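# Examining the three-dimensional arrangement
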Amino acid sequence: MTPIVELRGLTKRFGAFTALDGISLAVAAGEFLTVLGASGSGKTTTLRLIAGFDLATEGRILIEGADVAALPPFKRPVNTVFQQYALFPHMSVRDNVGYGLRMQRVPHREIGPRVTEALEMVQLGPFAERAPRQLSGGQQQRVALARAIVNRPRVLLLDEPLGALDLKLRRAMQLELKDLQSKLGITFIYVTHDQEEALTMSDRVALMRGGRIEQLGAPRDLYDRPRSRYVADFIGETNLLPAVANDRDPGMVTVAGPAGPIPVRVEVRADGVRAGIPLWLSVRPESLSVVAAAAPAASGDGAGNSLPATVREIVYAGSVVKLHLALADGTTIVALRSPSDPPFASGSSVQLRWPASQGVLVAD
Amino acid sequence: MPRRSDPLTAGLWISAGAVFAFIYAPLAIVILYSLHDSSIIAWPLKLGTLRWYGVLVHDTSMLAAGWASVKLAVLAVIIALAVGVPGAFVLDRYDFPGKGAFRRLVMLPLILPGIITGVALLSFFSFVGLSLSSGFPLVPGWPVVLGHGAALTSVIMTQVYARLQRFDRALEEASGDLYANEWQTFWRVTLPSIRPAVLGAALLVFTLSLDEIAVTFFLIGRQNTLPLQLWGLLRRGITPEVNAAATVIFAVSLLTIVLWSRMIRDEKGRE
């Protein structure tokens, strides 16, 4: 299947600064793709190039197979939901939503029903005659959404659309957006810095770093198989244990213990991992179990790893208890336990255990 | 609200009151005099006549001067808008060498004493050989029209520039994203957003032109403007008719200011 949006070697330089460094990416029709990254990673630049607000320094942008890189925004078959909504303050909600249709010279008798339909889709039917400033942030966000989808674009670009909303509203809107996307079958290219949002909503996530795509994949791939230390750290919460590769056995690494290096078994290794460079073993907090130091070795789990640690702090967080621990070399470790598990005292010596399949060896 | 009645607050009220009295009492007196039923001003005033307004309406040279002032002000507004609005956009959106210096120099005609601007413009027009009465009676004279337009362009430019600096460019991007070309975007999004600032600045230019004496004095040809006509009449003393004319000018200025502040308020309410 031909991708609906394809970026080839897309580069954007502002003077000496390279905002986007030759990224290539293919988006399938109907896909929910999230471009995730810290500020300055190039995610918004990517979106602005696709929309046409900025022109690429190099590279091609294909929408439905046609190169649009030289076209102005109003000639591109995409619509955008802006971060601060960018609603026209001097127009009513209805006129805002109908703007794109009027500009496309859609027959007048069609505009009214389509605007009404779009407003009802975002549950704003009764607010059609209001001015944008008379609406709450969440409502304005919906107007921005309606103003874009009323044009029935093949691709919708969303630039941190929920960034200005409070947490509770944001969660609700995430589900609503996802629902709307599958109902309309529009391709979403969604920019956010919120990794949780990216994991919740997306079919695929492109994690950007320094103007490049660090990793592209399903949320699960990024979480379970990060291809670098940066990805492991950015997506979700993780523990990063400095590790040294074993020259003879690629399935083994050593980490610092109280009396010298302790061998640890690793089943998942990211690309680019080799001996002689700094490596980390990434283990998610929920993969770790904490047992008393004197407990017998776990039975049956031959691939299990075990590491001594000291309990530093115990944080109660409602559904879980967060244990902050320290390894022999001072590395801080977070582990999750159930509030019903037998508690540990701060300062007590314990064993950290995890199956070899749950650790990922990554390079920087 | 709790009221403070310490001596400092009382002193502030008194000084503020004095300042306002100093500004507005003379205006009140002008208005009172214009209603005084005698050509000799003497207290106690005999108020309640509109006869001086009648005299004013039948004074052909005064009417001609008033009409010339209005034409002059309207033309000055048109010129200042035609140059100042595009100028403000250039300042806001493009970089060019010397932009910083230009942005400051643009205010120069307003900051310089009118007498210097007047002399400079007079020398310029005599250098290019444009007669001060050219264009009369269609206009009070092209030099004075161009002079007002040029001097007041800076007002439009700075006001509109200030508004453009606060204008959210994402609105233009949104318009472009919604299939409007640059021209449609300008007329449907940008201009409606800055319209109150443009109209406000135009009203300000209108009143400034209407009151202007110094530059006008140098550039005026055969036809006096209203302020210059009044100035001429004053040589014969302050007549009730002068007071009536002053009252009319005051009323027009007040009306303009009220309109202007309403526009500013409308704009604020929208943001």
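It should be noted that the structure appears before, not after, this text.
Residues numbered from 1 in each chain as written. Chains lettered and ligands numbered in written order. Predicted model: local features only at pLDDT ≥ 70, side-chain atom pairs only at ≥ 80, totals over all residues. Heavy atoms only, no water.

### What to know about the interface of chain B and chain A
Size of an interface: often given as the accessible area lost when the parts come together. Counting residues at the interface gives 20 residues for chain B and 25 residues for chain A. The junction of chain B with chain A conceals about 2100 Å² of combined surface from both sides, 61% of it contributed by carbon and sulfur atoms. Looking only at chain B, the three residues that lose the most surface to chain A are B:Asp177, B:Leu178 and B:Tyr179, adding up to 38% of its buried area. Salt-bridge contacts for A:Arg48 lead to B:Glu173; the nearest nitrogen and oxygen are separated by 2.6 Å. Viewed at the interface, chain A and chain B are joined by 7 residue pairs in polar contact (both at pLDDT 80 or more). Residue composition of the side of chain B that touches chain A, by class: 8 nonpolar, 7 polar and 5 charged. (Contact = heavy atoms within 4.5 Å. Buried area = accessible area lost by both parts, 1.4 Å probe. Salt bridge = Lys/Arg side-chain N within 4 Å of Asp/Glu carboxyl O. Polar contact = N/O pair within 3.5 Å; in protein donor to acceptor, adjacent residues only side chain to side chain. Nonpolar A, V, L, I, M, F, W, Y, C, P; charged D, E, K, R; others polar.)

### Quick notes on the packing of aromatic side chains
For any two aromatic rings, the description comes down to two numbers: the centre-to-centre distance and the angle of the planes. Inspection of the entire model under this criterion finds 13 aromatic pairs over all chains. With centroids separated by 5.5 Å and ring planes inclined at 85 degrees, the aromatic side chains of B:Phe186 and B:Trp187 adopt a geometry described as edge-to-face. Looking at B:Trp187, the relative accessible area reads 46%, which means it is partly exposed. Linked through ring pairs, B:Phe89, B:Trp183, B:Phe186 and B:Trp187 together constitute an aromatic cluster. Its guanidinium or amino end placed over the ring of A:Phe88, A:Arg147 lies 4.7 Å from that ring's centre, counting from NZ or CZ. Over the ring of A:Tyr223 we find A:Arg284; its NZ or CZ atom is 3.9 Å from the centre of that ring. (Phe/Tyr/Trp six-rings, centres within 6.5 Å; stacked < 30°, edge-to-face > 60°. Buried < 20%, exposed > 50% of the residue type's maximum accessible area, 1.4 Å probe, protein only. Lys NZ or Arg CZ within 6 Å of the ring centre and 35° of its normal.)

### Structural notes on the pairing of strand β13 (residues 262-265) of chain A
Residue and element names in this part refer to chain A. Here β13 shows one buried face, formed by Ile262 and Val264, and one open face, formed by Pro263 and Arg265. Pairing geometry for strand β12 (residues 252-255) and β13, over 4 bridges, is antiparallel. Within β13, the residue paired with threonine 254 across the bridge is proline 263. Connecting β12 to the antiparallel partner β13 that follows it, the hairpin turn spans 6 residues, and glycine 260 within it adopts a positive phi of roughly 95 degrees. (Helix = DSSP H or I, 4+ residues; strand = E, 2+ residues; numbered from the N terminus. Pairing = 2+ DSSP bridges.)

### Observations regarding the sheet that holds strand β2 (residues 17-27) of chain A
What links the strands of a sheet is backbone hydrogen bonding, and the strands pair in either a parallel or an antiparallel sense. Residue and element names in this part refer to chain A. With respect to topology, 4 strands assemble into an open sheet ordered β2-β1-β4-β5, the strand pairing being antiparallel. With partners counted over all chains shown, the strands left at the sheet margins are β2 and β5 (66-67), one partner each. The pairing of strand β1 (residues 5-14) with β2 spans 8 bridges and is classified as antiparallel. Paired with threonine 11 across the bridge in β2 is aspartate 21. Each of β1, β2 and β4 (58-63) touches helix α1 (residues 43-51); the most contacted strand, β1, lies at about 115 degrees to it. (Axes fitted to C-alpha atoms, helices over the stretch in contact; angles between N-to-C directions.)

Read these as geometric descriptors, not functional statements.
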